[in-house]
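For reference, the chains in residue letters:
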Amino acid sequence: MQNPAARTPDVIAAIATAPGRGGIGVVRVSGASLSEFASALCGRTPQPRRAMFSAFRDAAGAAIDEGILLHFPAPASFTGEDVLELQGHGGPVVMQMLLARCLELGARLAEPGEFTRRAFLNGKLDLAQAESVADLIEASTAAAARSAVRSLSGRFSEEIHRIVDALVDLRMLVEATLDFPEEEIEFLERARAMPRLEDIRARLESVLDRARQGALLRSGLNVVLVGEPNVGKSSLLNQLAGEDRAIVTDIAGTTRDALRETIQIEGIPLHIIDTAGLRETADTVERIGIERTWREIERADVILRLVDASAAVTDTTPESIDARLPQGVERITVVNKIDLAGLAAGRIEEPVEPSGRICLQVSAKRGTGIDLVRAELLRIAGWHAHGEDVILARERHLHALRAALAHVESAAAQSAALELFAEELRLAQESLGEITGEFTADDLLGVIFSRFCIGK
Ligand SMILES: Nc1nc2c(c(=O)[nH]1)N(C=O)[C@@H](CNc1ccc(C(=O)N[C@@H](CCC(=O)O)C(=O)O)cc1)CN2
Ligand SMILES: Nc1nc2c(ncn2[C@@H]2O[C@H](COP(=O)(O)OP(=O)(O)OP(=O)(O)O)[C@@H](O)[C@H]2O)c(=O)[nH]1
Ligand SMILES: [Mg+2]
């Protein structure tokens, strides 16, 4: 895919390293021939792809910094264009001065993701790989990072391409058969069209399953701790986090504002949210806290509903809270303070309606039964580790995979009407093409790349 603008690209520049102070900072420049740009900056022309130690000079010839200049002539660069890297000292002021000098030499400030966008438009990366660049930078666990780097190296894209190839083969076969209607059925039977379709379906299903696991790795789950004041929500957060993050006292109404702490279990990020205990109150601050609790509940993937095993009566009757909790959100009842009630840690399936709900008996203070909570969260997450096979998918990829699968399934149901059969195969192929960027609208590209950081 060749963008007309990519043939005579304007020169873009940005600070590529993170804001703040660091040992080294990098300003990256990309565009059409940059040799003159380099000699205006350094007073001499660097050899291609050779580190050159040099002063970086302002218009008057005074040194702004001294550092390493790298020139990657097109097309052998990250973007596929001429690229210059100014590797200087990593202070915010000196980086700004180097960037300003580049703008003075004719570059303009790069938009977020514009380097990677150019790499995509110049065919250096496909869309799934470009997205994995951002996912790698944003990965919040090592497992997510490993998965992103596998996509970056093209593993996900290759798998999609192989399925597309199989679809194309089958389409060619069916379309050839369309010209000989009287032989249709026998022809398809001899070509084993249906088993081949089934093979494609099974492969899509496997990719979708591993992509769902990856989506989990990428964004994690929101787990909200809910209950009356003093039942031990903050104590449980501290146990799960492994450190004293939330204030714990025996005063009901200690937690006022929702507190969010990300932990990981087997590489899955879990955003644990401790909230203000729910009760009727005249205290203005506490009431606002309770409103926030309800807002967090709306965003929950999992609700951990805490109750106090030792409490005979509570300020709010449990029913009034439970009745307001959203249906259709996973919920675990956590019976806390078993040490006071003389109960043992354990996992029980609640006999009461709604049936099958899980009840965990723990002591957040003593740390007993916390492993049960972790195991239950992992079970709810639906995590069945595929290890190296997990695909760090985005919602966009899941959507395309589901669409492709749906088309393949309707093709299977259309085997008597060959034209419809062929059409469904074509639509499946088109859906898969959206993943790698073969069929992607410009406005979607805008959305994808604008979420990158500047300099990427
Ligand atoms: N200094 C520096 N480090 C960096 C980057 C960078 O741009 N600069 N990267 C930026 O994201 C990542 C590495 N990605 C890169 C991808 C391709 C090429 C490149 O020059 N490709 C050429 C030549 C390939 C080759 O020699 O084998 C090409 O594809 O033609 C460079 C960096 C991470 N580290
Ligand atoms: N014996 C015992 N005490 C506990 C247990 N869990 C919490 N507590 C105590 O119960 C009191 C309240 O605990 P918190 O964790 O602050 O309760 P909370 O639900 O966050 O309370 P609010 O923030 O007021 O809504 C503290 O004194 C804790 O030490 C437990 O398992 N056993
Ligand atoms: Mg609390």
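This one's a predicted model, so the numbers in the text were calculated from it and none came from an experiment.

Colleague: Let's hear about the overall build of the protein: which residues, and what values?
Modeller: When helices and strands are tallied, the protein shows 17 helices and 13 strands. In summary, the protein has a C-alpha radius of gyration of 29 Å against a globular reference of 23 Å for 456 residues, an excess of more than 25%. By principal-axis analysis of the C-alpha atoms, the protein measures approximately 80 × 80 × 35 Å. The burial tally for the protein puts 48% of its 456 residues in the buried class.

Colleague: Tell me about the site of ligand 2, and please be specific about residues and values.
Modeller: Taken together, 23 residues sit near ligand 2, with Lys 233, Ser 235, Gly 253, Thr 255 and Asp 339 positioned nearest. Measuring from an oxygen atom of ligand 2, one finds a side-chain N or O atom of Ser 235 at 2.6 Å. Backbone polar atom of Gly 277 to an oxygen atom of ligand 2: 3.2 Å apart, as the coordinates give it. Burial of ligand 2 by the protein amounts to 92% of the accessible area it has alone, namely 660 Å². When atoms are counted within 2 Å of each cavity's grid points, the one that captures over half of ligand 2 is the largest pocket. At the level of secondary structure, the elements contributing two or more residues to the shell around ligand 2 comprise helix 10 (233-241) and helix 13 (338-341). When residues in the shell around ligand 2 are grouped by element, the largest group, three residues, is from helix 10.

Colleague: How would you summarise helix 6 (residues 142-152) if you had to cite specific residues and measurements?
Modeller: Here helix 6 has its buried residues at Ala 144, Ser 147, Ala 148, Arg 150 and Ser 151. Along the axis of helix 6, the buried positions cluster into a sector of 160°, meaning they face one direction only. In this structure, helix 6 carries Ala 142 and Arg 146 as exposed residues pointing more than 90 degrees from its buried face. In this structure, the buried residues of helix 6 make contact with helix 5 (127-138), helix 7 (155-178) and helix 9 (193-219). Positive phi appears at Gly 154, one or two residues downstream of helix 6, with a value of about 100°.

Colleague: Go over the pattern of salt bridges with me, naming the residues and quoting the values.
Modeller: Applying the stated criterion to the full structure yields 31 salt bridges. Linking Glu 228 and Arg 305 is a salt bridge whose minimum nitrogen-to-oxygen distance equals 3.1 Å. Of this pair, Glu 228 sits in the loop between strand 7 (221-226) and helix 10 while Arg 305 sits in strand 10 (residues 302-308), and the two are 77 residues apart along the sequence. Residue classification places Glu 228 among the buried residues on the basis of a relative accessible area of 3%. Between Arg 426 and Glu 423 there is a salt bridge whose closest N-O contact spans 2.9 Å.

Colleague: Quick rundown of the coordination of the magnesium ion (ligand 3)? Include the residues and the values.
Modeller: Here the magnesium ion (ligand 3) is held by Ser 234 (OG) and Thr 255 (OG1), and the distances to it run 2.0 Å. Separated by 21 residues along the polypeptide, Ser 234 in helix 10 and Thr 255 in the loop between helix 10 and strand 8 (259-265) bring together distant segments of the chain. Across the pair, exposure class does not vary: Ser 234 and Thr 255 are buried alike.

Colleague: An account of the UniProt feature "binding site: K(+)" (unreviewed entry) in the protein is needed here, citing residue identities and associated values.
Modeller: Feature annotation in UniProt assigns "binding site: K(+)" (unreviewed entry) to the following positions: Asn 230, Thr 249, Ile 251 and Thr 254. Of the residues just listed, which span 25 residues, no C-alpha pair is farther apart than 8.1 Å, and they cluster in one region. Considering only the residues just annotated, the largest pocket is lined by Asn 230, Thr 249, Ile 251 and Thr 254. Relative to the elements of secondary structure, Thr 249 occurs in the loop between helix 10 and strand 8. Look at Thr 249 and you get partly exposed, because its relative accessible area is 31%. Once residues within four sequence positions are removed from consideration, Thr 249 is found in contact with Asn 230 and Thr 254.

Colleague: Let's hear about the side chain of Arg 331: which residues, and what values?
Modeller: Structurally, Arg 331 is set in strand 11 (residues 330-336). We note that Arg 331 is buried and unpaired, the nearest opposite charge coming from Asp 322 at a distance of 4.2 Å. Non-local contacts of Arg 331, meaning those with residues more than four positions away in its chain, are made with Ile 303, Arg 305, Asp 322, Leu 325, Pro 326 and Arg 357.

Colleague: Could you give an account of the domain arrangement of the protein, with specific residues and numbers?
Modeller: Each assigned domain of the protein is listed with its residue range as follows: domain 1 (12-119), domain 2 (130-216 + 396-436) and domain 3 (223-381). Centre-to-centre separation of domain 2 and domain 3, based on C-alpha positions: 42 Å. At the junction of the two partners, domain 2 supplies four residues and domain 3 supplies five residues. Taking both partners together, domain 2 and domain 3 bury about 410 Å²; carbon and sulfur atoms supply 63% of that area. Broken down residue by residue, the surface that domain 2 buries against domain 3 is led by Ser 140, Thr 141 and Leu 216, which jointly contribute 88%. Summed over the shared surface of domain 2 and domain 3, the number is zero salt bridges. The interface formed by domain 2 and domain 3 contains one residue pair in polar contact (both at pLDDT 80 or more). Class assignment of the residues belonging to the side of domain 2 that touches domain 3 gives a composition of two nonpolar, two polar and no charged.

Colleague: Please set out helix 15 (residues 395-413) residue by residue, giving values where relevant.
Modeller: With 19 residues, helix 15 ought to run about 27 Å at 1.5 Å a step, and its terminal C-alpha atoms sit 27 Å apart, in line with that. Among the residues of helix 15, Arg 396, His 397, Leu 398, Ala 400, Leu 401, Ala 404, Leu 405, Val 408 and Ala 411 are the ones counted as buried. On its buried face, helix 15 sits against helix 5, helix 7, helix 9, helix 16 (418-436) and helix 17 (442-450).

Colleague: Could you give me a rundown of the packing of helix 10 against helix 14 (residues 370-381), with the residues and numbers involved?
Modeller: Closest axis-to-axis distance for the helix 10/helix 14 pair is 10 Å, and the angle between their directions is 80°. Relative to helix 14, helix 10 is oriented roughly perpendicular. Between helix 10 and helix 14, the contacting residues are Leu 236, Gln 239 and Leu 240 on the first element and Ile 370, Val 373 and Arg 374 on the second. Along the lines of polarity and charge, the residues of the contact of helix 10 with helix 14 split into four nonpolar, one polar and one charged.

Colleague: Report on the sheet that holds strand 3 (residues 52-57), specifying residues and quantitative values.
Modeller: Across the sheet, which stays open at both edges, the six strands sit in the order 3-4-5-2-1-6 with mixed pairing between neighbours. Edge positions in the sheet fall to strand 3 and strand 6 (108-109), since each of these pairs with one other strand and no more. Each of strand 2 (22-31), strand 3, strand 4 (63-72) and strand 5 (82-90) touches helix 2 (residues 35-42); the most contacted strand, strand 3, lies at about 75° to it. Here helix 3 (residues 92-104) sits on the sheet and contacts strand 1 (12-15), strand 2, strand 3, strand 4, strand 5 and strand 6; the angle it forms with strand 2, its principal contact strand, is near 15°.

Parameters at a glance
- Each chain has its residues counted from 1, following the order in which its sequence is written.
- Each chain takes a letter, starting from A, and each ligand takes a number, starting from 1, following the order in which they are written.
- Restriction of local features to residues with pLDDT of at least 70 applies here, the model being predicted, together with a cutoff of 80 or more for giving and counting side-chain atom pairs; totals for whole chains, interfaces and linings are based on all residues.
- Based on all heavy atoms of the structure, the side-chain values leave hydrogens and waters out of the count.
- The numbering of helices and of strands both runs from the N terminus, where a helix is a DSSP run of H or I of at least 4 residues and a strand a run of E of at least 2.
- Radius of gyration means the value over C-alpha atoms here, while the globule rule gives 2.2 Å times the residue count to the 0.38 power.
- Burial status follows relative accessibility: with a 1.4 Å probe on protein chains alone, a residue under 20% of its type maximum counts as buried, one over 50% as exposed, and anything between as partly exposed.
- A molecule or strand has a residue near it when one of that residue's heavy atoms lies within 4 Å.
- Under this definition, polar contacts are N or O atom pairs within 3.5 Å; protein pairs additionally need one hydrogen-donor-capable and one acceptor-capable atom, and for neighbouring residues in sequence, both atoms have to be side-chain atoms.
- With residues, only the protein chains shown are counted as cover, and all accessible areas are computed by Shrake-Rupley using a 1.4 Å probe.
- A 1.4 Å probe that fits into a set of points on a 1 Å grid over the protein atoms alone but cannot get out defines a cavity; an open set with protein on both sides within 12 Å along at least five of seven lines defines a pocket, and lining residues are those with an atom within 4 Å of a point.
- Assignment to a cavity or pocket requires that more than half of a molecule's atoms be within 2 Å of the site's grid points.
- Think of it as the arc spanned by the lines of direction from the helix axis to the C-beta atoms.
- The contact definition used throughout considers only heavy atoms, calling two residues in contact when any of these lie within 4.5 Å.
- Only one rule defines a salt bridge in this text: a Lys or Arg side-chain nitrogen within 4 Å of an Asp or Glu carboxyl oxygen.
- Coordination partners: N, O, S within 2.8 Å of the metal, 3.2 Å for Na, K and Ca; water not considered, so apparent gaps in a site are possible.
- UniProt positions are given in the numbering used here, feature names are shortened, and annotations may be inferred rather than shown by experiment.
- Charge counting treats Lys and Arg as positive and Asp and Glu as negative, with His and both chain ends excluded.
- Throughout the structure description, domain borders are defined by an automatic or database domain assignment.
- The quantity reported as buried area is the accessible area (1.4 Å probe) lost by two parts once they are put together, taken as the sum for both.
- Three residue categories are used. Nonpolar comprises Ala, Val, Leu, Ile, Met, Phe, Trp, Tyr, Cys and Pro, charged comprises Asp, Glu, Lys and Arg, and polar comprises the others, including Gly.
- A helix is expected to span 1.5 Å multiplied by its residue count minus one.
- Here, axes are lines fitted to C-alpha atoms. For helices the fit covers the stretch in contact, and angles between N-to-C directions go from 0 to 180 degrees.
- Each angle gets one of four labels, with under 35 degrees taken as roughly parallel, over 145 as roughly antiparallel, 65 to 115 as roughly perpendicular, and the rest as oblique.
- Pairing between two strands requires that DSSP report at least two bridges joining them.

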